[in-house]
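# Structural features, examined
Each chain, written out:
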Amino acid sequence: MTAITCVDDLRRLAARRVPRMFFDYVDGGSWTEQTLRENRQDFGLLHLRQRVAIDVSHRTTVSTMLGQPVAMPVAIAPTGLTGMVHADGEILAARAAQKFGVPYTLSTVAICGLEDLADNVEQPFWFQLYVMRDRQFVNDLLDRAAAVECSALVLTLDLPLSGHRHKDARNGLTSPPRPTVRNLAGMLTKPRWCAQMLLTRRRRFGTLVGHVDGLDDLDGLARWTDSQFDPSMDWSGVRFIRERWKGKLIVKGILDNADAERAVECGADAIVVSNHGGRQLDGAISSISALPEVVAAVGDRVEVQFDGGIQSGQDVFKAIALGAKGTYVGRSMLYGLGALGERGVARVLEIIGNDLDKTMGLCGVNSVDAIGPDSLIFGNPLSRMRPKPTASPVVTK
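Notes on the structure follow.

Parameters at a glance
Residues numbered from 1 in each chain as written. Predicted model: local features only at pLDDT ≥ 70, side-chain atom pairs only at ≥ 80, totals over all residues. Heavy atoms only, no water. Helix = DSSP H or I, 4+ residues; strand = E, 2+ residues; numbered from the N terminus. Rg over C-alpha atoms; globule rule 2.2 N^0.38 Å. Buried < 20%, exposed > 50% of the residue type's maximum accessible area, 1.4 Å probe, protein only. Areas by Shrake-Rupley, 256 points an atom, 1.4 Å probe, with all protein chains shown as cover. Lys, Arg positive; Asp, Glu negative; His and termini not counted. Charge placed at Lys NZ, Arg CZ, Asp CG, Glu CD. Core = buried A, V, L, I, M, F, W, Y, C linked by side-chain atoms within 4.5 Å. Contact = heavy atoms within 4.5 Å. Expected span 1.5 Å × (residues − 1). Arc of directions from axis to C-beta. Salt bridge = Lys/Arg side-chain N within 4 Å of Asp/Glu carboxyl O. 1 Å grid on protein atoms, 1.4 Å probe; cavity = no way out; pocket = protein on both sides within 12 Å on 5 of 7 lines; lining within 4 Å. Points joined across faces, edges and corners; volume = space filled by probe spheres on them. Nonpolar A, V, L, I, M, F, W, Y, C, P; charged D, E, K, R; others polar. Phe/Tyr/Trp six-rings, centres within 6.5 Å; stacked < 30°, edge-to-face > 60°. Lys NZ or Arg CZ within 6 Å of the ring centre and 35° of its normal. Pairing = 2+ DSSP bridges. Right-handed = clockwise from strand over helix to strand, strands pointing away. Axes fitted to C-alpha atoms, helices over the stretch in contact; angles between N-to-C directions.

## Observations regarding the overall build of the protein chain
Along its length, the protein chain carries 16 helices and 12 strands. Scaling as 2.2 N^0.38, a compact globule of 397 residues should have a C-alpha radius of gyration of about 21 Å, and the protein chain matches this with 22 Å. In terms of overall dimensions, the protein chain has C-alpha extents of about 95 × 55 × 50 Å along its principal axes. Across the 397 residues of the protein chain, 55% fall into the buried class. If you sum the accessible surface of the protein chain, you get close to 18000 Å²; carbon and sulfur atoms cover 53% of it. Each charge class in the protein chain was averaged separately, 46 positive and 45 negative side chains, and the resulting centres sit 7 Å apart.

## As for the nonpolar core
Residues Leu129, Ile271 and Leu291 are the most contacted members of the largest nonpolar core, which totals 111 residues. Residue contributions to this core peak at 13 residues, all from helix H16 (residues 331-362). Leu129 has contacts with Thr108, Val138, Leu141, Leu142, Leu153, Val154, Leu155, Thr156 and Ile241, leaving out every residue within four places of it along the chain.

## A short note on helix H14 (residues 287-298)
In this model H14 runs 16 Å from its N-terminal to its C-terminal C-alpha over 12 residues, within 8% of the 16 Å that 1.5 Å per residue would give. Among the residues of H14, those classed as buried are Ser287, Ile288, Ala290, Leu291, Val294, Val295 and Val298. Seen along its axis, H14 keeps its buried residues to an arc of 140°; they face one direction. For H14, the exposed residues set more than 90 degrees away from the buried face come down to Glu293 and Ala296. Structurally, H14 contributes buried residues whose contacts are with helix H3 (34-41), helix H13 (257-265), strand S9 (270-273), strand S10 (303-307) and helix H15 (313-321).

## Digging into the pattern of salt bridges
Within this structure, the stated rule accounts for 20 salt bridges. Between Arg59 and Asp357 there is a salt bridge; the shortest N-O distance is 2.9 Å. Linking Arg59 in the loop between strand S1 (47-48) and strand S2 (63-65) with Asp357 in helix H16, this pair joins segments that are 298 residues apart in sequence. Residue classification places Asp357 among the partly exposed residues on the basis of a relative accessible area of 23%. Via salt bridges that share partners, Asp88, Asp116, Arg201 and Arg202 belong to a single interconnected network.

## Concerning the layout of surface pockets
Looking at the second largest pocket, its volume works out to about 540 Å³. Lining of the second largest pocket is provided by 27 residues; of these, Leu157, Asp158, Leu159, Pro160 and Gly253 occupy positions nearest its centre. Elements that contribute at least two residues to the lining of the second largest pocket include exactly strand S7 (152-156), helix H12 (235-244) and strand S8 (248-254). Grouping the amino acids of the lining of the second largest pocket by side-chain chemistry returns 16 nonpolar, 7 polar and 4 charged.

## Some words on the packing of aromatic side chains
Per the stated rule, a full pass over the model turns up 5 aromatic pairs. Between the aromatic rings of Phe43 and Phe306, the centroid separation amounts to 5.9 Å while the plane-to-plane angle is 85°, which identifies the pairing as edge-to-face. Remark: Phe306 occurs in strand S10 and Phe43 occurs in the loop between H3 and S1; sequence separation between them is 263 residues. No difference in accessibility class separates Phe43 from Phe306, as the two residues are buried. Taken together, a centroid distance of 6.5 Å and an interplanar angle of 55° make the contact between Trp126 and Tyr328 tilted. Taken together, the residues span a long stretch of sequence, with Trp126 in strand S6 (residues 126-129) and Tyr328 in strand S11 (residues 326-329) at a distance of 202 residues. Under the relative-accessibility criterion, Trp126 is labelled buried at 1%. The ring of Tyr25 carries the charged tip of Arg279 above its face, separated from the ring centre by 4.4 Å.

## Remarks on the pairing of S7
Of all 5 residues in S7, 5 are buried, a share of seventy percent or more. Neither face of S7 is exposed, since Ala152, Val154 and Thr156 on one face and Leu153 and Leu155 on the opposite face are all buried. Here 4 bridges tie S6 to S7, and the two strands are oriented parallel to one another. Residue Leu129 lies in a different strand from S7, and its bridge partner there is Leu155. A crossover connection joins S6 to the parallel S7 through helix H7 (residues 135-147); in handedness this β-α-β unit is right-handed. Looking at chain direction, S7 and S8 are connected through 5 bridges and run parallel. Paired with Ala152 across the two strands is Lys248, which belongs to S8.

## Regarding the sheet that holds S11
Overall, parallel pairing links the 8 strands, which are arranged S4-S11-S10-S9-S8-S7-S6-S5 in an open sheet. For this open sheet the edge positions go to strand S4 (74-76) and strand S5 (105-106), each flanked by a neighbour on one side alone. The strands that H14 touches are S9 and S10; relative to S10, the one it contacts most, it runs at about 175°.

Here it is as structure tokens:
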């Protein structure tokens, strides 16, 4: 196998090993995918400040997120259908994250259920909550998350309804996949994936099935899930969650300063600047461009975290330099998982950690706390090279 040196290597390998409907789910965004592209492109507008002749022999990427020690300021983001990208995907990803020393976040719409994951990992994990119309189910979810000792709750607010994702609609995405001719043909071209899925019992939304009346078949599950995202959810709902949840509360999906202020007022311990990976409101600004203003507005009162487009340790460095106290990787993790399972997730974390370590050294900083705005160069560096205009010569007759 060719050496895996970057996340894009794992993306290409995942594209060969994961059925198209699930790879497109991971890889795609909503509408024209403008926001998805800009999440990546806007990192390139930030230039790093190279510093020399500084002793960087004692540097460390160790930090904290919400007071929890982490090997680097990175957590695994909540991602739906992880167990359809690779059999038992949530368990494999959580194990890789915990071995590396970073938090893992389980999605409400994961394939592996809350209790199932808790039985298969050694440390507490974070749980991501979508507030559904069925408030009794939400109450039960909070109790179940507390019962398995989830150490933080990530409340996602940017999905009151689903953004229009052309690829998913064309692929007829469901979990488990509907046995159409197209889907069956696509799966049969991925024999490794098929063999793995045949050996696991985890093929449906594990946190939902068995906990909602009438969800015993695929059609009922699909109808219930599609109908449950709640467009009436407002800040009173956030306050309700804050009162019910006794642990750390992270509010995810913030791009606007006013929303950041409201999240702080509702008692959030942290907020995540995020546009849902470019999968919701296409045309929204990139997460990295929203980050500085949100930090300026509330960064002295709440821990500001970042999600959106991270594929390298340099991306992490830039987000930290702009004021984030921690970052999340979702899509990159799924590329690694689809490519090589647990080993692939571990490789993604290794790549990001090594990149971060080297970037810190070349920028002359020894600790994550030392990364700041001075580590970046703002504006277009080429503008400094433009010659100053000279006075026009005086023409005399």
